[in-house]
Amino acid sequence: MPIVAPSLLASDFLRLGDECKMLNESKADWFHLDVMDGRFVPNISYGMPIIKQLRQASTKFFDVHLMIVEPEKYFEEFKDAGANSLTVHLEVSPHLHRNIQHIKSLGMKAGVALNPATPVCLLKDIISDLDLVLIMSVNPGFGGQSFIRHSIPKIKELKKLIQDTGSVSKIEVDGGISLENAAEIVHVGADILVAGSSIFKADDPKQMIEKFKAI
Ligand code: DX5
Ligand code: ZN
C-alpha cells in the first residue's frame, strides 16, 4: 500500500482549516507542503507562517518539499514550524552531505529531490544517508502538469540503486499523478505518491485518497 501525500498547493487557500479537517478524517498518510521561492523555481508559494498554522489543525506527517535556493538557512525555522521531513533539491545543494546531516540532527527525516533532467547516478555517494528520494515527474514550480514518462525508468534505476546499496531510503514521486498512472508508478518501485490536483480537484477528495491507497 503506497503512502499517499496530498499536496496542499492544489487546495482551496480560503478554506485551509476545512482542508486540514478533511485530510485528518481521510486515509492520507502525509501532507505534502511545497515551498517555492521564485528563484529556484519560477513561482512563489508559501512559507513558515502558513505551515505553523496548519500544524495546529493537522494530525498528519508534514512532508516539506523545499524548492528554494540556500535551503540550509531555514532548516531550524521549518523544524519549529512543524515539519517532520525536509527534502532539498540536489541542484541547489553543493554540500548535500552536510545538509542531510543537519536535517537529521534536528530530528527530521531527510530527503533529496531530483529534477526531471538530473540523473539518479548522482545519488550514489549519498543514498545510504537518505530517508527518501523524491523523483520530480514534472518540472517543479506548478501543480496540474502532465506526468513525464521518463520518470518510470528513473524510478526503476533508483530502486536498483537502493537495493544494491542496502539503503533504507523510500522513493517518493511528485507531479502529474492520477489514478491512470499511479499503479504503474507503484509497480516500478514508488513508496510515496504525491498528488495535488487529482485529490483536491476531485468531487470527493476523501474517496479519491482511498482509491490511491487501494492501488
Ligand atoms: C510541483 C510540486 C508538486 C505539485 C504536484 O512543483 O512539487 O508537489 O503540487 O501537483 P500535481 O499533483 O497537481 O501535479
Ligand atoms: Zn512537491
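Presented here is an overview of the structure given in this document. (Residues numbered from 1 in each chain as written. Chains lettered and ligands numbered in written order. Predicted model: local features only at pLDDT ≥ 70, side-chain atom pairs only at ≥ 80, totals over all residues. Heavy atoms only, no water.)

What about the coordination of the zinc ion (ligand 2)?
Here the zinc ion (ligand 2) is held by His32 (NE2), Asp34 (OD), His65 (ND1) and Asp174 (OD), and the distances to it run 2.0 to 2.3 Å. In this structure, the zinc ion (ligand 2) is surrounded by six donor atoms whose angles at the metal cover 70 to 171°, and the resulting shape is octahedral. Expressed as a motif, the donor residue spacing for the zinc ion (ligand 2) is H-x1-D-x30-H-x108-D. A residue pair is termed long-range when its members are at least 10 positions apart, and His65 in strand 3 (residues 61–67) and Asp174 in strand 7 (residues 170–174) qualify at 109 residues. Judged by relative accessible area, which is 0%, His65 ranks as buried. Asp174 sits in the buried class, given a relative accessible area of 9%. (Donors = N, O, S within 2.8 Å, 3.2 Å for Na, K, Ca; no water. Tetrahedral: all angles 85-135°; square planar, octahedral: opposite > 155°, others 65-115°. Helix = DSSP H or I, 4+ residues; strand = E, 2+ residues; numbered from the N terminus. Buried < 20%, exposed > 50% of the residue type's maximum accessible area, 1.4 Å probe, protein only.)

Some details on the sheet that holds strand 6 (residues 132–136)
The eight strands lie next to each other as 1-8-7-6-5-4-3-2, forming an open sheet whose pairing is parallel. Either end of the sheet is taken by a strand with one partner, and the two such strands are strand 1 (3–6) and strand 2 (30–36). Going from strand to strand, the sheet's axes swing by 25° on average, the running direction of each strand aside. As paired strands, strand 3 and strand 4 (residues 85–89) are joined by four bridges and run parallel to one another. Bridging from a neighbouring strand, His65 pairs with Thr87 of strand 4. Along the sheet, helix 2 (residues 48–57) contacts strand 2 and strand 3; its crossing angle with strand 3, the most-contacted strand, is approximately 170°. (Pairing = 2+ DSSP bridges. Axes fitted to C-alpha atoms, helices over the stretch in contact; angles between N-to-C directions. Contact = heavy atoms within 4.5 Å.)

Brief notes about the pairing of strand 5 (residues 109–114)
Counting buried residues along strand 5, five of its six residues qualify, which places the element largely inside the surrounding structure. As paired strands, strand 4 and strand 5 are joined by five bridges and run parallel to one another. Residue pairing across strands places His89 opposite Ala113, the latter belonging to strand 5. A crossover connection joins strand 4 to the parallel strand 5 through helix 4 (residues 96–105); in handedness this β-α-β unit is right-handed. (Right-handed = clockwise from strand over helix to strand, strands pointing away.)

Overview of the pattern of salt bridges
As a working rule, side chains carrying opposite charge can pair if their charged atoms are close by. All chains considered together, the criterion is met by 11 salt bridges. The partner of Glu25 in a salt bridge is Lys21, and the shortest N-O contact between them spans 3.2 Å. Using a relative accessible area of 47% as the deciding quantity, one classes Glu25 as partly exposed. A salt bridge links Glu184 to Arg149; the shortest N-O distance between them is 2.9 Å. One end of the pair, Glu184, is in helix 6 (residues 179–187); the other, Arg149, is in the loop between strand 6 and helix 5 (151–165), and 35 residues separate them in sequence. What makes Glu184 partly exposed here is its relative accessible area of 31%. Taken together, the shared-partner salt bridges connect Asp12, Arg15, Asp18 and Glu19 into one network. (Salt bridge = Lys/Arg side-chain N within 4 Å of Asp/Glu carboxyl O.)

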